[in-house]
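So the chains spell out like this:
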Amino acid sequence: MTAIVPRVGYGPHEVSDARLSSPVASVLEGHGVSTEPHVELFDCAELRDVLHGLVGPGCVHEHSDSGSVASAVRAHRVTVVVTHARGISELMRNLSVESAPVGLIVYDPNGHDSNSAALRAQGVMDVLTDRLPETWADVLTRAFDFRALLMLELDHRCESKRLSQRELELLGEPPESLSDDLDSFQPPPLPVGPMSVHDLESASDAFETAYIERVQHLCNSAREAAQVLGVSPATLSRRQRRDIE
Amino acid sequence: MKRNMPRGAVIAVLDRGDLSDDLESWSAKRGVGLDLRTFTSALELTGDGGPRSLDGLAITVAAAGPFLPEVLRWADSQLSDRMPTLLFGSGKEIEDDVATRQILGREQITWLPSGAARDDLDRWLILALEVKELRAFRRQHDQIAHSLRRARMQLFHGHDLDMEPPEGPPCGPPLPTTLEEVEPLKEARARFERAHIQAVIREQESLKEASVALGISYTSLWRRLR
């Protein structure tokens, strides 16, 4: 299943080449996930030009508040956080690196502002002391791949959980009814076997219902839910009425 | 029979009558290669020579006799996953009454009274096969997730990626757990539909059959695939 292939090298890159490696990008595309890379740059203006050159200005998001970095990490699938060594403590506190798996790269130009071994132990992916585009392209690509593999892993774990729930239902366990439990409530799995729902519209409606329900649990009002879902409140209300009927 | 129907599902039968023959004829009719292991006594089934890995267990009350509790305990203890089990009544009121009390709380056991319709047997076999499929796919997803995690940790520690991430079976999109993760509904539904179509194509023998199962026209399926 996991074919061993020639190693994906992270050697010197051309400028504007800090992207996902192609085998990873191809699988991510197969899952329908955007492969566009994002860099969350916190308190480190010195690296702006290097990063703009490597991933493009539109993909570099500068933050002056460490709280907004954490939000951006959740919002972007293929993302990396870059910061200066001087701001690392504050950022790590807000990011809780251990529970928010993202490639965190620290720029430490003096090479002695931070203890790189200690930072790595706390969850920092790499500490760089120079601004050479080749070095950054290498580390960024590795960090993008790291994040993409995490997204793929999450997809598979989630589908596995849905299959497990379906199996329990078939064997007589009552279906999950605690829909306010964000970690366990899931729509049915993709079809497996003749007893599953194959009809596209019915299955998509079931997924949509679960998705809307989840978003409503996360929002304070139906209006806010409609806004984040990109539909009008009237449309959202109509879909809910349809589900009830 | 669709190609996704598992071949060689292992079903143990504890019976002294013609239950095995019924199952054989069902599998021949539906084109499913059941691997039937027939036992005539509870001791034979639960002894050292008994099966260790099963996809389903069909028992008749008459063959299990007074050893039914031992057989059920054996099934619970031998297998890590709960096994779809079918219990056929004997037609004798007292025996059947005792048997139905013994299966209380064991939701994976389907009770069929003696002389039950053939459709009920069909339904149970399809259920057992579907559970086998679900478990096989679940294992596949777990293995892939495990290998992705291993590769991810290698990258984190500065090593090169030494594997190509496997395509694996399709996955439905995870639901968001924070507001920032919420995608527009249209995009989330599109991602789901894409994965659903891939899964249905996997389940069917041809695109034509897939389009029928999906409830869309062949042209529409073709357009979506493009």
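Predicted model, so just to flag it, every value in this text is computed and none were measured.

**Things to note about the overall build of chain B**
Of regular secondary structure, chain B possesses nine helices and six strands. Compactness check: chain B gives a C-alpha radius of gyration of 23 Å against a globular reference of 17 Å for 226 residues, more than 25% above the reference. The buried share among the 226 residues of chain B stands at 37%. Long-range contacts, defined here as pairs at least 24 residues apart, represent 67% of the contacts in chain B between residues at least 6 apart.

**A few points about the sheet that holds strand 2 (residues 38-42) of chain A**
Consider a sheet: its strands pair through backbone hydrogen bonds, and that pairing is either parallel or antiparallel. All names here are of chain A. Strand order in the open sheet made by the five strands is 3-2-4-5-6, with parallel pairing throughout. Every other strand in the sheet has two partners, leaving strand 3 (60-63) and strand 6 (126-128) as the edge strands with one partner each. Direction aside, the axes of adjacent strands within the sheet are offset by 25° on average. Bridging between strand 5 (residues 103-107) and strand 6 involves three bridges; their strand directions are parallel. Residue pairing across strands places Tyr107 opposite Leu128, the latter belonging to strand 6.

**Here's the deal with the interface of chain A and chain B**
Of the residues lining the interface, 71 residues belong to chain A; the matching set on chain B comes to 68 residues. Sorting the residues of the side of chain A that touches chain B by element identifies strand 1 (4-8), helix 1 (22-30), helix 3 (66-75), helix 6 (133-170), helix 7 (200-218) and helix 8 (222-229) of chain A as the ones contributing at least two each. Ranked by residues supplied to the side of chain A that touches chain B, first place goes to helix 6 of chain A with 20 residues. Class assignment for the residues of the side of chain A that touches chain B results in 39 nonpolar, 16 polar and 16 charged.

**Notes on the packing of helix 3 of chain A against helix 4 (residues 88-95) of chain A**
Residues and elements named next belong to chain A. Running from N to C, helix 3 and helix 4 cross one another at 45°; their axes reach a closest spacing of 8 Å. The pairing of helix 3 with helix 4 is recorded here as oblique in orientation. Crossing hand, helix 3 versus helix 4: right-handed. Listed contacts from helix 4 to Ser66, Gly67, Val69 and Ala70 of helix 3 are Glu90, Leu91, Asn94 and Leu95.

**Describing the pairing of strand 1 (residues 10-14) of chain B**
All names here are of chain B. In terms of residue burial, strand 1 counts as a mostly covered element, since four of its five residues are buried. Pairing of strand 1 with strand 2 (residues 35-39), which is carried by five bridges, proceeds in the parallel orientation. Within the sheet, the bridge partner assigned to Ala12 lies in strand 2 and is Arg37. Remark: the strand 1/helix 1 (residues 19-30)/strand 2 crossover connection has right-handed handedness. Relative to strand 3 (residues 56-60), strand 1 runs parallel, the two sharing four bridges. Within strand 3, the residue paired with Leu14 across the bridge is Ile59.

**A closer look at the sheet that holds strand 2 of chain B**
Residues and elements named next belong to chain B. Within the open sheet, the five strands sit side by side as 2-1-3-4-5. Their pairing is parallel. A single partner strand is all that each edge strand has here, and the edge strands are strand 2 and strand 5 (109-112). Averaged over all adjacent pairs, the angle separating strand axes in this sheet is 15°, with direction ignored.

**Comments concerning the confidence of the model for chain B**
Summary statistics for chain B give a mean pLDDT of 89 and a share of 96% for residues scoring 70 or more. Prediction confidence for the complex, expressed as pTM and ipTM, is 0.87 and 0.89 respectively.

**A short note on helix 6 of chain A**
An α-helical segment advances 3.6 residues per turn. Residues three or four places apart therefore align on the same side. Taking 1.5 Å of rise per residue, 38 residues should cover 56 Å, and helix 6 of chain A covers 55 Å from first to last C-alpha, within 8% of that figure. Positive backbone phi, approximately 100°, marks Gly172 of chain A, located one or two places after helix 6 of chain A.

**Quick word on helix 4 (residues 68-78) of chain B**
Residues and elements named next belong to chain B. Taken together, the buried positions of helix 4 are Leu68, Val71, Leu72 and Ala75. Axial view of helix 4: buried residues confined to an arc of 95°, hence all on one face. The exposed residues of helix 4 that point more than 90 degrees off its buried face are Arg73 and Ser77. Turning to helix 4, the residues buried within the fold contact strand 1, helix 2 (42-46), strand 3, helix 3 (61-64), strand 4 (85-88) and helix 5 (93-102).

**Thoughts on the nonpolar core**
Formed by 53 residues in total, the largest nonpolar core has its most connected members in Leu51, Val80, Val81, Val82, Ile105, Val106 and Leu140 of chain A. When residues in this core are grouped by element, the largest group, 10 residues, is from helix 6 of chain A.

**Thoughts on the environment of Ser232 of chain A**
Residues and elements named next belong to chain A. Here Ser232 is to be found in the loop between helix 8 and helix 9 (233-244). For Ser232, a count of 12 C-beta atoms within 10 Å gives the class exposed. Between the C-alpha atoms of Ser232 and His61, which are 171 residues apart in sequence, the distance is 29 Å.

What counts as what
Residues numbered from 1 in each chain as written. Chains lettered and ligands numbered in written order. Predicted model: local features only at pLDDT ≥ 70, side-chain atom pairs only at ≥ 80, totals over all residues. Helix = DSSP H or I, 4+ residues; strand = E, 2+ residues; numbered from the N terminus. Rg over C-alpha atoms; globule rule 2.2 N^0.38 Å. Buried ≥ 20, exposed ≤ 12 C-beta atoms within 10 Å, placed from the backbone. Contact = placed C-beta atoms within 7 Å. Pairing = 2+ DSSP bridges. Axes fitted to C-alpha atoms, helices over the stretch in contact; angles between N-to-C directions. Nonpolar A, V, L, I, M, F, W, Y, C, P; charged D, E, K, R; others polar. Parallel < 35°, antiparallel > 145°, perpendicular 65-115°, else oblique. Left-handed = near helix turned anticlockwise from the far one by under 90°. Right-handed = clockwise from strand over helix to strand, strands pointing away. pLDDT = per-residue confidence, 0-100. Expected span 1.5 Å × (residues − 1). Arc of directions from axis to C-beta. Core = buried A, V, L, I, M, F, W, Y, C linked by C-beta atoms within 7 Å.

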